[in-house]
Amino acid sequence: MSECLGRASIRFKQPVYIIESASVVGKKEGEGPLGLLFDLAGEDDMFGCETWEEAESSLQKQAVGLVLEKAGVSAEEVNLMFAGDLLGQSIATSFGLAGYGIPLMGVYGACSTCGESLALGAMTIAGNYAKNVICVTSSHFASAEKEFRYPLDYGNQRPLSATWTVTGSGAFVLSAVRDGKDNDSYLKATNVSETKKTNMSNGARAKISGITIGKITDYGLKDSMNMGACMAPASASTLERHFIDFKSQPNDYDKIITGDLGSVGQKILIDLLKEKGYDISEQHMDCGIEIFDADSQDTHSGGSGCGCSAVTLSAYILKQLEEGNWKRVLFMPTGALLSKTSFNEG
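Residues numbered from 1 in each chain as written. Predicted model: local features only at pLDDT ≥ 70, side-chain atom pairs only at ≥ 80, totals over all residues. Heavy atoms only, no water.

A word on the overall build of the protein chain
Line of reasoning, step 1. From N to C terminus, the protein chain includes 11 helices and 13 strands.
Line of reasoning, step 2. Here the C-alpha radius of gyration of the protein chain, 19 Å, is about what a compact globule of 346 residues would show, namely 20 Å.
Line of reasoning, step 3. At a minimum sequence separation of 6, the contacts of the protein chain that also span at least 24 residues come to 76%.
Line of reasoning, step 4. Carbon and sulfur atoms make up 49% of the accessible area of the protein chain, which amounts to about 15600 Å² in all.
Line of reasoning, step 5. For the protein chain, the separation between the mean place of its 30 positive charges and that of its 43 negative charges on side chains is 7 Å. (Helix = DSSP H or I, 4+ residues; strand = E, 2+ residues; numbered from the N terminus. Rg over C-alpha atoms; globule rule 2.2 N^0.38 Å. Contact = heavy atoms within 4.5 Å. Areas by Shrake-Rupley, 256 points an atom, 1.4 Å probe, with all protein chains shown as cover. Lys, Arg positive; Asp, Glu negative; His and termini not counted. Charge placed at Lys NZ, Arg CZ, Asp CG, Glu CD.)

Some details on the packing of helix 2 (residues 52-71) against helix 5 (residues 141-148)
Line of reasoning, step 1. At their nearest, the axes of helix 2 and helix 5 sit 8 Å apart, and the two run at 130° to each other. Here helix 2 lies oblique to helix 5, going by the angle between them. For the element pair helix 2 and helix 5, the recorded crossing hand is left-handed. Residues Trp52, Glu53 and Glu56 of helix 2 form the contact with helix 5, whose participating residues are Ala142, Ser143 and Lys146.
Line of reasoning, step 2. A per-class count over the contact of helix 2 with helix 5 returns 2 nonpolar, 1 polar and 3 charged. (Axes fitted to C-alpha atoms, helices over the stretch in contact; angles between N-to-C directions. Parallel < 35°, antiparallel > 145°, perpendicular 65-115°, else oblique. Left-handed = near helix turned anticlockwise from the far one by under 90°. Nonpolar A, V, L, I, M, F, W, Y, C, P; charged D, E, K, R; others polar.)

Structural notes on empty space enclosed by the protein
Line of reasoning, step 1. For the coordinates displayed, the defined rule picks out 1 cavity of 30 Å³ or more.
Line of reasoning, step 2. Volume-wise, the largest cavity comes out at about 120 Å³.
Line of reasoning, step 3. Considering the residues around the largest cavity, the lining is formed by 13 residues, among which Leu86, Cys111, Phe148, Met227 and Leu338 are closest to the centre.
Line of reasoning, step 4. Taken together, the residues of the lining of the largest cavity sort by class into 9 nonpolar, 3 polar and 1 charged. (1 Å grid on protein atoms, 1.4 Å probe; cavity = no way out; pocket = protein on both sides within 12 Å on 5 of 7 lines; lining within 4 Å. Points joined across faces, edges and corners; volume = space filled by probe spheres on them.)

Observations regarding unusual backbone geometry
Line of reasoning, step 1. A positive phi angle, close to 50°, is found at Ser90, a residue other than glycine.
Line of reasoning, step 2. Mapping Ser90 onto the fold places it in the loop between strand 4 (80-84) and helix 3 (91-97).
Line of reasoning, step 3. You can call Ser90 buried: its relative accessible area is 16%.
Line of reasoning, step 4. Positive phi is not limited to glycine here, since Asn128 has a value of about 65°.
Line of reasoning, step 5. Inspection of the secondary structure assignment puts Asn128 in the loop between helix 4 (113-126) and strand 6 (132-139).
Line of reasoning, step 6. Look at Asn128 and you get exposed, because its relative accessible area is 71%. (Buried < 20%, exposed > 50% of the residue type's maximum accessible area, 1.4 Å probe, protein only.)

Examining the sheet that holds strand 10 (residues 255-258)
Remark on secondary structure: sheet strands pair via backbone hydrogen bonds, oriented parallel or antiparallel.
Line of reasoning, step 1. In spatial order, the strands read 11-10-13; together these 3 strands make up an open sheet with parallel pairing. Lying at the two open borders of the sheet, with one neighbouring strand each, are strand 11 (284-286) and strand 13 (329-332). In this sheet, adjacent strand axes meet at a mean angle of 20° when their direction is disregarded.
Line of reasoning, step 2. Looking at chain direction, strand 10 and strand 13 are connected through 4 bridges and run parallel. For Lys255, the partnering residue across the bridge sits in strand 13 and is Val329.
Line of reasoning, step 3. Sheet strands touched by helix 7 (residues 227-246): strand 10 and strand 13. Its angle to strand 13, the strand with the most contacts, is close to 140°. (Pairing = 2+ DSSP bridges.)

Thoughts on the pairing of strand 2 (residues 9-25)
Line of reasoning, step 1. Along strand 2, 13 of the 17 residues are buried, which leaves the element largely enclosed by surrounding structure.
Line of reasoning, step 2. As paired elements, strand 1 (residues 3-5) and strand 2 share 3 bridges and run antiparallel to each other. Note that in strand 2 the partner of Leu5 across the bridge is Ser9.
Line of reasoning, step 3. Once strand 1 ends, the chain turns through 3 residues before running back antiparallel as strand 2, passing Gly6 with a positive phi of about 60°.
Line of reasoning, step 4. With 6 bridges joining them, strand 2 and strand 9 (residues 206-212) adopt antiparallel strand pairing. Its bridge partner being in strand 9, Ser9 is matched across the sheet by Thr212.
Line of reasoning, step 5. Inspection of the sheet shows strand 2 paired to strand 8 (residues 168-175) by 8 bridges, in the antiparallel sense. If you follow Tyr17 over to strand 8, its bridge partner there is Ser175.
Line of reasoning, step 6. Here strand 2 runs beside strand 3 (residues 40-41); their pairing, made up of 2 bridges, is parallel. Its bridge partner lying in strand 3, Val24 is registered against Leu40.

Considering the pairing of strand 8
Line of reasoning, step 1. The element strand 8 is largely enclosed, with a buried count of 8 among its 8 residues.
Line of reasoning, step 2. What you see with strand 8 is no split at all: Gly168, Gly170, Phe172 and Leu174 on one side and Ser169, Ala171, Val173 and Ser175 on the other are buried throughout.

A few points about the confidence of the model for the protein chain
Line of reasoning, step 1. Confidence along the protein chain averages 89 in pLDDT terms, with 92% of residues attaining 70 or more.
Line of reasoning, step 2. This stretch, residues 183-202, has a pLDDT under 50; its non-local contacts, to residues over four places away or in other chains, come to 21 contacts. (pLDDT = per-residue confidence, 0-100.)

Topic: helix 4
Line of reasoning, step 1. Its 14 residues give helix 4 an end-to-end C-alpha distance of 20 Å, which sits within 8% of 20 Å, the value for a rise of 1.5 Å per residue.
Line of reasoning, step 2. Taking burial as the measure, the 14 residues of helix 4 include 10 buried ones, the bulk of the element.
Line of reasoning, step 3. Buried within helix 4 we find Thr113, Cys114, Gly115, Ser117, Leu118, Ala119, Gly121, Ala122, Thr124 and Ile125.
Line of reasoning, step 4. Remark: Asn128 follows helix 4 within two positions and exhibits a positive phi of approximately 65°. (Expected span 1.5 Å × (residues − 1).)

And the structure:
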């Protein structure tokens, strides 16, 4: 049985393993500081499709295909898929993943969707309701601009506080066991080399040992071009709750990683937590700051979107854990609950 801590946290008695991951990104992301770490970077952001939305569906389809291949797990061996995107009715997810025939739970947490899907997947496995789960999220710069701000051909000027929606999709295979397979069916995997099988049997990429779920925290900011400031109070609230529930301190972690607060939100988060008695300035890292080069790529405050934290986790964070550079990280994407309707209504 897992252990409930406080109102919002769970410590898993048996770890949930991330046995593999995959990342597919757009051209701009591939040219950024993490470019060489992604599994696949497109030559352009259309990915051979006719519309931005179809291109985003293609991102998810390719990411899931890659992670299944890398893990040596077939679609038939996956019990559930938790997936989401930024578009209305999650159409990138539904159109992109229909062909896999895996039972699907649609998730919407805005830019926190990667963390939400991983938390739901981990709880499902820890509760013995599934053996293998896929968690996948995506975002696309052009489809998100059309959904939440202005069509690109409007040509509006972006303020320095704005973030750049990442074109990318990250997919993860979670399992109750290190290799994602029953012993009697393990060697039946197809398209997996013997070297890969040996690596899988020796361990997973990482394990999830516990989770803390955030609450909606709204300080009344209404600027859709300053999501970092909107999300920072929720980040601070969730981190404080995590430290209380797990009786931990910032220095218990090698890294405390937010999803896409950007340079504006990072400063606010650190200040808010100092007021609560926690100094995370040495441990904090933000995926939105890491994924782009602020000086040369003109992304202002940094990156954002469902794909931002997902591809950074897959390509960079898990690699640091595997190589032993970090031992323990706190991964906390945060979402701004924007809506065209609420914005237009003031």
